[in-house]
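# Descriptive analysis of the structure
Now for the letters of each chain:
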Amino acid sequence: MHKEDHVKGSETIRDIVIGMSDGLTVPFALAAGLSGAISSSGIVVTAGIAEIVAGSIAMGLGGFLAGRTEVDHYNSELKREYDEVERVPEQEKAEVKEVFAGFGLSENLQQQIADEMAKDKDKWVDFMMRYELGLEEPHANRATKSAITIGLSYIVGGVIPLSPYILIDSSQTALYYSCIVTLISLFIFGYFKSKLTGQPAISGAFKVVIIGALAAGAAFAMAKLINGK
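Residues numbered from 1 in each chain as written. Predicted model: local features only at pLDDT ≥ 70, side-chain atom pairs only at ≥ 80, totals over all residues. Heavy atoms only, no water.

The chain appears in an unreviewed UniProt entry as VIT1/CCC1 transporter family protein from Mucilaginibacter rigui. Under Subcellular location (unreviewed entry), UniProt gives the following word-for-word description of the chain: "Endomembrane system". (UniProt positions renumbered as here; feature names shortened; annotations may be inferred.)

This is how it looks when you write it as structure tokens:
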């Protein structure tokens, strides 16, 4: 039996990727930068927790607003399509025919399909939304779910680079362990992200690691430079 392996729940996966990638990278860079300027892990932990709280709220709010915008845009276009099938049905039929012409169907068959589809306005409008505008109806709770998923993913990601500072008093020593733990986490995250999105897993993992390392390195170097002055 033929089995097709397709990734489902792409919206949730996207939200997790957004939250985790920023959660792993931003607090890691912040902690590294502070480690280059101060010796106490306590200050790093305090600043890190504050950043994780603020970052998760900001990211979650961004996800919520994006979700609401998606819903509002869909509803606006849906209303417009219903209006157009009422006012200019022949033009809408012609657009249906254009879609099937792209699949190589004959003129006669295109007309039959358009006439048959016009008998059910709901299905007709749904077809136009999907294949003319490329819009899928978003879930009613999409915005709230997106906000929660992104926010929680950010928190989970942010705790990882911060955890060594909670256990070790010296920020310089904690930084070494934070680098090890975070870079390993970034590699694992990048690996599975690439697998889920159908990209080369190993190269995708290394790309994520390099981005995180560059961000942390830049923050650490800048802190050292400013502190040196």
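Moving on to the UniProt feature "transmembrane region" (unreviewed entry) in the chain. UniProt feature "transmembrane region" (unreviewed entry): in the numbering of this structure it lies at residues 147–168, 174–192 and 204–226. Span residues 147–168 is 95% helix and 0% strand, its end C-alpha atoms 33 Å apart. A distance of 27 Å separates the end C-alpha atoms of residues 174–192, which is 100% helix and 0% strand. (Helix = DSSP H or I, 4+ residues; strand = E, 2+ residues; numbered from the N terminus.)

With that out of the way, let us pick up helix α6 (residues 142–167). Over its 26 residues, α6 runs 38 Å from end to end, which matches the ideal 38 Å to within 8%, given 1.5 Å per residue. At P161, α6 shows its largest bend, some 45°. (Expected span 1.5 Å × (residues − 1). Bend = angle between axes of the 7 residues up to and from the residue.)

This part is about a nonpolar patch on the surface. A contiguous nonpolar surface patch, about 460 Å² in accessible area, is contributed by I180, V181, I184, I188 and F192. Considering the arrangement of structural elements, one finds I180 in helix α7 (residues 171–196). (Patch = residues over 30% accessible without salt bridge, like charges linked within 9 Å, V, L, I, M, F, W, Y side chains within 5 Å. Areas by Shrake-Rupley, 256 points an atom, 1.4 Å probe, with all protein chains shown as cover. Salt bridge = Lys/Arg side-chain N within 4 Å of Asp/Glu carboxyl O.)

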